[in-house]
There are 2 protein chains.
Amino acid sequence: MALQPTINDVARAAGVSKGLVSLALNDRAGVAPDTRARILEAAEELGWHPNPSARGLTSRRAYALGLIVRRDPSIIEADPFFSAFIAGVETVLADRGQVLVLSVVPDVESEAKAYTRLAHDKRVDGFLITDLLADDHRIHLIEGLGMHAVTLGEPNVDSTFPVVTRDYDKGIAALADHLMELGHRRIAHVSGDERMLHGRLRREQFERSMSDAGLQAVVVPTDFSPEQGAAATEALLDSAEPPTAIIYGNDPMAIAGMSVAHRRGLRVPGDLSVTGLDGSQIGTYVYPSLTTLRNDPTEWGLAAASSLLRLIEEGASDDVALPPAELVVRASTAPPARP
Amino acid sequence: MALQPTINDVARAAGVSKGLVSLALNDRAGVAPDTRARILEAAEELGWHPNPSARGLTSRRAYALGLIVRRDPSIIEADPFFSAFIAGVETVLADRGQVLVLSVVPDVESEAKAYTRLAHDKRVDGFLITDLLADDHRIHLIEGLGMHAVTLGEPNVDSTFPVVTRDYDKGIAALADHLMELGHRRIAHVSGDERMLHGRLRREQFERSMSDAGLQAVVVPTDFSPEQGAAATEALLDSAEPPTAIIYGNDPMAIAGMSVAHRRGLRVPGDLSVTGLDGSQIGTYVYPSLTTLRNDPTEWGLAAASSLLRLIEEGASDDVALPPAELVVRASTAPPARP
DNA sequence: TTGAAAGCGTTACCAA
DNA sequence: TTGGTAACGCTTTCAA
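In this text the structure is predicted, and so the values were computed from the model without any measurement.

Trainee: When you look at the pattern of salt bridges in this model, what are you seeing that I'm missing?
Mentor: Pairing between side chains becomes possible if they bear opposite charge and their charged atoms approach one another. Counted according to the given criterion, the structure contains 38 salt bridges over all chains. Bridged by salt links that share partners, the residues Arg61(A), Arg96(A), Asp125(A) and Glu313(A) form one connected network.

This is the structure:
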């Protein structure tokens, strides 16, 4: 009676040597078609799965991808992006008998340790790099570790890794236009962490849109936390010429900002229009529901995992561009009361 | 020059056989203290990390724990619990050279496949079982797979797995008392999915508290989504005797419920008091900030991972009880306008 | 196209 | 307390 069947059991059942079983399993050339069929049938019948440890020992592959997420413990909070992103990754990996190794670390130091450990211990064959920073040190670190990787977004440093991107510029421009068409002139942007590349790019496009329209762009940078989103809102509303519309760098900040407005007796969108970015489900149910840009994290996951796997298995992989982010107009934007 | 150093390099450097290196590495008996010291020193110097594939081949261990999260794609959304939970797990695993394998799956069928695959492929040594359901089929599935596991919460079916629990009864009672002391009499509970055990337990404690006070408990079950939270709120406010306070099964539903109230022109907490459960950071920044029960997901992660590792390594592990959930009173609760 | 055999880097066992 | 050697399950030569 079987523990787990091994390659020897399959070889015996198919009446061949285990070397052939290995060739057949891995779709390698040099196996007669009917022999291959017989082998695969025997494997199927015995319910044989090759043991990843044994494979890894000779092939030097882990059959796993690594995702390391850094989260300041004080900001440790729901991120609408990751569960859907990982679901996308999983879809690709499950089909190929691979797994995702996930690590959540509190700071840069343990982040570097985590990459190093996963690489040294050969626990993964490559990394998915999310939340790209300006001058992101991870690119260099991972290259130095001799590992493969794919970045979500285009790094601003030399990188040999394939890139998955989504255009936000059009979306940001559409969002700014939407507000201007409603009659807004004083539009502020509560931007995210300036060290994060995607936040910076969005801020730049916002500034471009505003200057194209001959308007002044007011930007308050934050760390993406609802706390700083609230503080930025207070500051903006206290200023000499408070904005009539605020574009927040993410939905949680927008929600916090709306609360500040409410607390001050301002009505949204009557007295203040508000938008998020990277629309999350919760944005649909707050009052008023949030105008935002739609993202699709699952798409990111599918694309990034496929690209990384191709890189690992074939030694090269193309960049991929996802469809541009789309404007979703809901109830938190309206013409200004006093334009 | 070294690829990765192997156990042989260490053995040679320390002038012993590789068998001894293995014993020393694994803190096994039968190595002279000074020999052990010499070996560890040599290992340190060479920067040797044992290869998990090679270890796994003989020890039949994966040195990995599995977490499989099922999320209906339509409800795929931020869950404040997981990033902090995983950070806790990671803390325990990193110290021991182990990793977390994470899978996010859309339905029960792919969930079962994921458990089976991870077990058959020996990718993990045990599972962390979260979001326990009533009559949870996973207990039986995992036992049948011959795998170890730990459950977050006490299953209502026979289980041989250790259990990590946190008492919510006291917290729910305190929350109900808080509302009653404010003068509320008509208190409703928008509960979570009845199939989820923790939701059911909280509902039962709510009913107990209400009946102890001689009050009628109104309960509307949902699937934990903000959407159904909003719908439940509509239904409650439309009823003949609308509640003056609503306890929501989680913070996102409470936020959605508040929006419904706002939309109807009700003021929170003036016309309607509202509370969440399982306090999330975002609850601090909505307006008004949410009264809730505090949970600490990191604690869950630490306890569950430690317990599971002990089970795997020593064959047995004790149940662990985390400190009870605490009431956090913020601004969303106040005396009723017309009691 | 196939079989036999030699690793891969550990752990486990048996002598010494 | 130590060393030598045989697994572990697979991939990869090298012959046939």
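Trainee: Even after reading the chapter, I still don't get the layout of surface pockets, so can you show me in this structure?
Mentor: Looking at the second largest pocket, its volume works out to about 1700 Å³. His49(B), Pro50(B), Asn51(B), Pro52(B) and Arg55(B) are the residues nearest the centre of the second largest pocket, which is lined by 49 residues in total. Contributions of two or more residues to the lining of the second largest pocket are made by helix 4 (52–59) and helix 6 (108–120) of chain A together with helix 2 (18–25), helix 4 (52–59), helix 5 (80–95) and helix 13 (297–314) of chain B. In terms of residue count, helix 4 of chain B provides more of the lining of the second largest pocket than any other element does, six residues in total. In terms of residue class, the lining of the second largest pocket is built from 18 nonpolar, 17 polar and 14 charged.

Trainee: Mind showing me how you'd approach the packing of aromatic side chains here?
Mentor: Here a ring pair, both rings aromatic, is described through the centre-centre distance and the interplanar angle of the planes. Within this structure, the stated rule accounts for eight aromatic pairs over all chains. Here Phe81(A) and Phe82(A) contribute two aromatic rings whose centre-to-centre distance is 5.5 Å and whose plane-to-plane angle is 90°, an arrangement assigned as edge-to-face. With 5.2 Å between their ring centres and 20° between their planes, Phe81(B) and Phe85(B) make a pair best called stacked. Of this pair, Phe81(B) and Phe85(B) both sit in helix 5, four residues apart, roughly one helical turn. When sorted by exposure, Phe81(B) lands in the same class as Phe85(B), which is buried. A connected cluster of aromatic rings, assembled from ring pairs, spans Phe81(A), Phe82(A) and Phe85(A). Stacked on the ring of Tyr168(B), the Lys or Arg Arg202(B) has its end atom at 3.8 Å from the ring centre.

Trainee: Looking at this model, I keep getting lost on the UniProt feature "domain: HTH lacI-type" (unreviewed entry) in chain A. Mind explaining?
Mentor: On the UniProt side, "domain: HTH lacI-type" (unreviewed entry) is annotated at positions that read residues 5–59 of chain A here. As a span, residues 5–59 of chain A carries 69% helix and 0% strand, and end to end its C-alpha atoms are 20 Å apart.

Trainee: Quick question: what am I supposed to make of the packing of helix 1 (residues 7–14) of chain A against helix 3 (residues 33–46) of chain A here?
Mentor: Residues and elements named next belong to chain A. In contact at an axis separation of 9 Å, helix 1 and helix 3 are set at 125° when each is read in the N-to-C sense. Classed by the angle they form, the pair helix 1 and helix 3 counts as oblique. Note on packing geometry: the crossing formed by helix 1 with helix 3 is right-handed. Contact residues: Asp9, Val10, Ala13 and Ala14 in helix 1; Arg38, Ile39, Ala42, Ala43 and Leu46 in helix 3.

Trainee: Explain the protein's contact with DNA strand C to me, please; I cannot follow it from the model alone.
Mentor: Around DNA strand C lies a shell of 27 residues, among which Thr35(A), Ile7(B), Lys18(B), Ser22(B) and Trp48(B) are the nearest. Atoms of DNA strand C within 4 Å of the protein: sugar and phosphate make up 69%, bases the balance. At 3.0 Å from a phosphate oxygen of DNA strand C is found a side-chain nitrogen or oxygen belonging to Asn26(B). Taking Arg55(B), its side chain carries an N or O atom lying 3.1 Å from a phosphate oxygen of DNA strand C. Those elements that place two or more of their residues in the surface near DNA strand C are helix 4 of chain A together with helix 2 and helix 4 of chain B. Classifying every residue of the surface near DNA strand C by side-chain character gives eleven nonpolar, twelve polar and four charged.

Trainee: Whenever I open this one, the sheet that holds strand 8 (residues 245–248) of chain A confuses me. Can you help?
Mentor: To summarise the sheet geometry, strands pair through backbone hydrogen bonds and adopt either a parallel or an antiparallel arrangement. Residue and element names in this part refer to chain A. Ordered in space as 7-6-8-9, the four strands form an open sheet in which the pairing is parallel. The open sheet has two free edges, formed respectively by strand 7 (218–221) and strand 9 (273–275), since each of these has just one partner strand. Strand-to-strand twist in this sheet, taken as the mean axis angle between neighbours without regard to direction, amounts to 15°.

Trainee: What is the right way to read the nonpolar core from this model?
Mentor: Formed by 54 residues in total, the largest nonpolar core has its most connected members in Leu67(A), Phe85(A), Leu67(B) and Phe85(B). With residues near it in sequence (within four places) discarded, Phe85(A) still touches Leu67(A), Leu128(A), Thr130(A), Leu152(A), Pro297(A), Thr298(A), Trp300(A), Gly301(A) and Ala304(A). In this structure, Ala232(A), Ala188(B), Leu237(B) and Ile246(B) belong to the second largest nonpolar core, which totals 47 residues.

Trainee: Quick question: what am I supposed to make of the side chain of Thr292(B) here?
Mentor: Residue and element names in this part refer to chain B. Take threonine 292: it is sitting in strand 10 (residues 292–294). According to the relative accessible area criterion, threonine 292 is buried, its value standing at 1%. Among the polar contacts made by the side chain of threonine 292, one reaches the side chain of aspartate 251 at a distance of 3.2 Å.

Trainee: Please clarify how the environment of Asn8(A) should be interpreted in this entry.
Mentor: All names here are of chain A. Here asparagine 8 shows up in helix 1. Using a relative accessible area of 36% as the deciding quantity, one classes asparagine 8 as partly exposed. Separated by 88 residues in the primary sequence, asparagine 8 and arginine 96 place their C-alpha atoms 22 Å from one another.

Trainee: Can you help me understand the protein's contact with DNA strand D in this one?
Mentor: As a matter of local geometry, DNA strand D sits amid 27 residues, with Ile7(A), Lys18(A), Ser22(A), Thr35(B) and Thr58(B) nearest to it. What you see for DNA strand D is that sugar and phosphate hold 69% of its atoms within 4 Å of the protein. Measuring from a base nitrogen of DNA strand D, one finds a side-chain N or O atom of Lys18(A) at 2.2 Å. Here Arg60(B) contributes a side-chain N or O atom positioned 2.7 Å from a phosphate oxygen of DNA strand D. Residue assignment for the surface near DNA strand D shows that the elements contributing at least two residues are helix 2 (18–25) and helix 4 of chain A together with helix 2 and helix 4 of chain B. Among the elements that line the surface near DNA strand D, the one with the most residues is helix 4 of chain A, at four residues.

Definitions and limits used
Counting restarts for each chain, with residues numbered from 1 along the sequence as it is written. For naming, the first written chain is A and the first written ligand is 1, with later ones following in the order written. Confidence filtering applies because this is a predicted model: local features only for residues at pLDDT of at least 70, side-chain atom pairs given and counted only at 80 or more, and all residues used for totals across whole chains, interfaces and linings. To obtain the side-chain values, all non-hydrogen atoms of the structure were included, while hydrogens and water were left out. The rule for a salt bridge is simple: a side-chain nitrogen of Lys or Arg has to be within 4 Å of a carboxyl oxygen of Asp or Glu. Buriedness of a pocket was judged along seven lines, with at least five required to meet protein on both sides within 12 Å; pockets are open sets of points on a 1 Å grid over the protein atoms alone, cavities are sets where a 1.4 Å probe fits but cannot get out, and lining residues have an atom within 4 Å of a point. Grid points are joined across faces, edges and corners, and a volume is the space filled by probe spheres set on the points. Secondary structure is summarised from DSSP: a helix means a run of H or I of at least four residues, a strand means a run of E of at least two, and numbering begins at the N terminus for each. Only Asp, Glu, Lys and Arg are considered charged in this grouping, and only Ala, Val, Leu, Ile, Met, Phe, Trp, Tyr, Cys and Pro are considered nonpolar; every other residue, Gly among them, is considered polar. Two rings from Phe, Tyr or Trp (for Trp, the six-membered ring) form a pair when their centres are within 6.5 Å of each other. A pair whose planes differ by under 30 degrees is stacked, one over 60 is edge-to-face, and the rest are tilted. Each residue is placed in one exposure class: buried if its accessible area under a 1.4 Å probe, protein chains only, is under 20% of its type's maximum, exposed if it is over 50%, and partly exposed if it falls in between. Each ring is checked for a lysine NZ or an arginine CZ that lies within 6 Å of its centre and within 35 degrees of its normal; such an atom marks a charge sitting over the ring. UniProt positions are given in the numbering used here, feature names are shortened, and annotations may be inferred rather than shown by experiment. Simply put, an axis is a line fit to the C-alpha atoms, just over the touching stretch for a helix, and the angle between two N-to-C directions goes from 0 to 180 degrees. With respect to orientation, any angle under 35 degrees is reported as roughly parallel, any angle over 145 as roughly antiparallel, any angle of 65 to 115 as roughly perpendicular, and every other angle as oblique. By convention, the crossing between two helices is left-handed when the near helix turns anticlockwise from the far helix through less than a right angle, and right-handed when the turn is clockwise. We call two residues contacting when some pair of their heavy atoms lies within 4.5 Å. One heavy atom within 4 Å of a molecule or strand is enough for the residue carrying it to be called near that molecule or strand. In protein, a polar contact requires one atom able to donate a hydrogen and another able to accept it; more generally it is a pair of N or O atoms within 3.5 Å, and residues adjacent in sequence count only if both atoms are side-chain atoms. Strand pairing requires that DSSP identify at least two bridges connecting the strands. Here the nonpolar core consists of buried residues drawn from Ala, Val, Leu, Ile, Met, Phe, Trp, Tyr and Cys, with membership extended through side-chain atoms lying within 4.5 Å.

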